[in-house]
Amino acid sequence: MKRIADGVWQLEIPMRYNPLGYTYSYLLVDDATLIDTGVGTGEARSALKDQLTKAGLKTSDLKRVILTHLHRDHVGLVDHIKTVSDARIYAHEKAVEILREREARDKSRYEEMREEMKRLGGAGLLKLLSRFELAFRRRPAPIPIDETLSDGDLLKLESSRLRVIWTPGHAPEHICLYDMEHRHLFSGDHVLPQITSHVSAHTYEKVDPLGDYLNSLEKLRGLPVDLVLPAHEHEFKNLEGRVEALIRHHERRCREIKEALRRRKCTVFEVSSKISWDSRPWPLMPFWIKRMAAAETLAHLIYLRNRGEVEEELRNGVLYYSLK
Ligand SMILES: [Zn+2]
Ligand SMILES: [Zn+2]
């Protein structure tokens, strides 16, 4: 754990099977408030307990947990914290909608995934998907949200003031929290110092996540910030520079995708196999990473389609994209 400023601690909550290694939860000691919780494992639970103790608190003392978004590595200990304390759980109002939709959809999640793989041109990988059928049929536990937040809200806690900035893109319900007094930005997974946030689209959702993400980056421009406190990697100073670099990254990726479509129309999997990936070359990617990469490619194709730069066509249940 690391002391960031008076009363502000960065807690390291381990996640063993994720290459990122940790989720950082941030503890505002005087407000007995935690921003994000980390994953829901026994190891994470002890790590939280030990680090709270070092900061002079018990888990049962917590009054609030503010969630930047609903991904598992951010909400895993909510149930545990609710069980042992009177903490109230805060999240963006969109989170409630997402949870409701998830509840209504869950039964067909595996079928939906199968359908989506075919649509993206990945029918050849369906056998690999079937290995994970059980995991997909398991329902994720609901997350009890007590207080909803809206863009621009000012959260007046006992000793801090946090401005809520709604930053959809990485997740539709994602928020950053801005502490004006310390000039800190708790950026969740929206802006990370080295890796680009995963921005993915699904064929069963009528949304433009990359368009949202880029707008959400623009929203942070000009914000007086001395230190960015992300949920992974490490804290950093130059928010403006990082925002600029991320926007350039997605512009480059869009150009690369259009280049891949120059000769002929392609499925999403075909486009994904033709562009460069930071992690490893396409043929060496395990099935899961390929699926995530295809979902990122789809987010870019939807973005380009909505801006009139590529054309989308559904033929025999498979999506094809071509240059306009
Ligand atoms: Zn996330
Ligand atoms: Zn995360």
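Everything quoted here is computed from the prediction, not taken from an experiment.

**Q** Is there a simple way to explain unusual backbone geometry in this structure?
**A** The phi torsion of most residues other than glycine is negative, and most of the peptide bonds are trans. Within the chain, A32 stands out as a residue other than glycine whose phi angle is a positive 45°. Secondary-structure assignment places A32 in the loop between β3 (22-28) and β4 (33-35). By the C-beta count within 10 Å, which is 18 here, A32 ends up partly exposed. Backbone geometry places R183, a non-glycine residue, at a positive phi of 55°. Mapped onto the secondary structure, R183 falls in the loop between β10 (175-179) and β11 (184-188).

**Q** Just checking my understanding: could you explain the sheet that holds β11 for this structure?
**A** Strand pairing within a sheet occurs via backbone hydrogen bonds; the two strands may be parallel or antiparallel. The 5 strands lie next to each other as β8-β9-β10-β11-β12, forming an open sheet whose pairing is mixed. Among the strands making up the open sheet, the edge pair consists of β8 (154-156) and β12 (227-230). Going from strand to strand, the sheet's axes swing by 25° on average, the running direction of each strand aside. One ladder, built from 3 bridges, connects β8 with strand β9 (residues 161-166); its direction is antiparallel. The partner of K156 across the bridge, within β9, is R161.

**Q** Could you clarify how one ought to interpret the pairing of β3 in this entry?
**A** As a general feature of sheets, a regular strand has side chains that alternate between the two faces. Most of β3 is tucked away, with 7 of its 7 residues classed as buried. Across the two faces of β3 the burial is the same, with Y22, Y24, Y26 and L28 and T23, S25 and L27 all buried. Sheet topology note: the strand β2 (residues 8-14)/β3 ladder contains 7 bridges and is antiparallel. What sits directly across from E12, in β3, is Y24. One ladder, built from 3 bridges, connects β3 with β4; its direction is antiparallel. When the sheet's bridge partners are listed, Y26 is paired in β4 with I35.

**Q** Even after reading the chapter, I still don't get helix α8 (residues 209-218), so can you show me in this structure?
**A** Since the α-helix packs 3.6 residues into each turn, any two residues three or four apart lie on the same face. Those residues of α8 not exposed but buried are P209, L210, D212, Y213, S216 and L217. Each buried residue of α8 sits inside an arc of 155° when the element is viewed along its axis, so together they form one side. Of the surrounding elements, those touching the buried residues of α8 are α9 (239-260) and α11 (287-306).

**Q** What should I look at first to understand the environment of L11 in this one?
**A** Tracing the backbone shows L11 in strand β2. Exposure remark for L11: the 24 C-beta atoms within 10 Å place this residue in the buried category. For L11, the contacting residues outside a window of four places in its chain are M1, Y24, S25, L27, L48 and Q51.

Rules and cut-offs
Residues numbered from 1 in each chain as written. Chains lettered and ligands numbered in written order. Predicted model: local features only at pLDDT ≥ 70, side-chain atom pairs only at ≥ 80, totals over all residues. Helix = DSSP H or I, 4+ residues; strand = E, 2+ residues; numbered from the N terminus. Buried ≥ 20, exposed ≤ 12 C-beta atoms within 10 Å, placed from the backbone. Pairing = 2+ DSSP bridges. Axes fitted to C-alpha atoms, helices over the stretch in contact; angles between N-to-C directions. Arc of directions from axis to C-beta. Contact = placed C-beta atoms within 7 Å.

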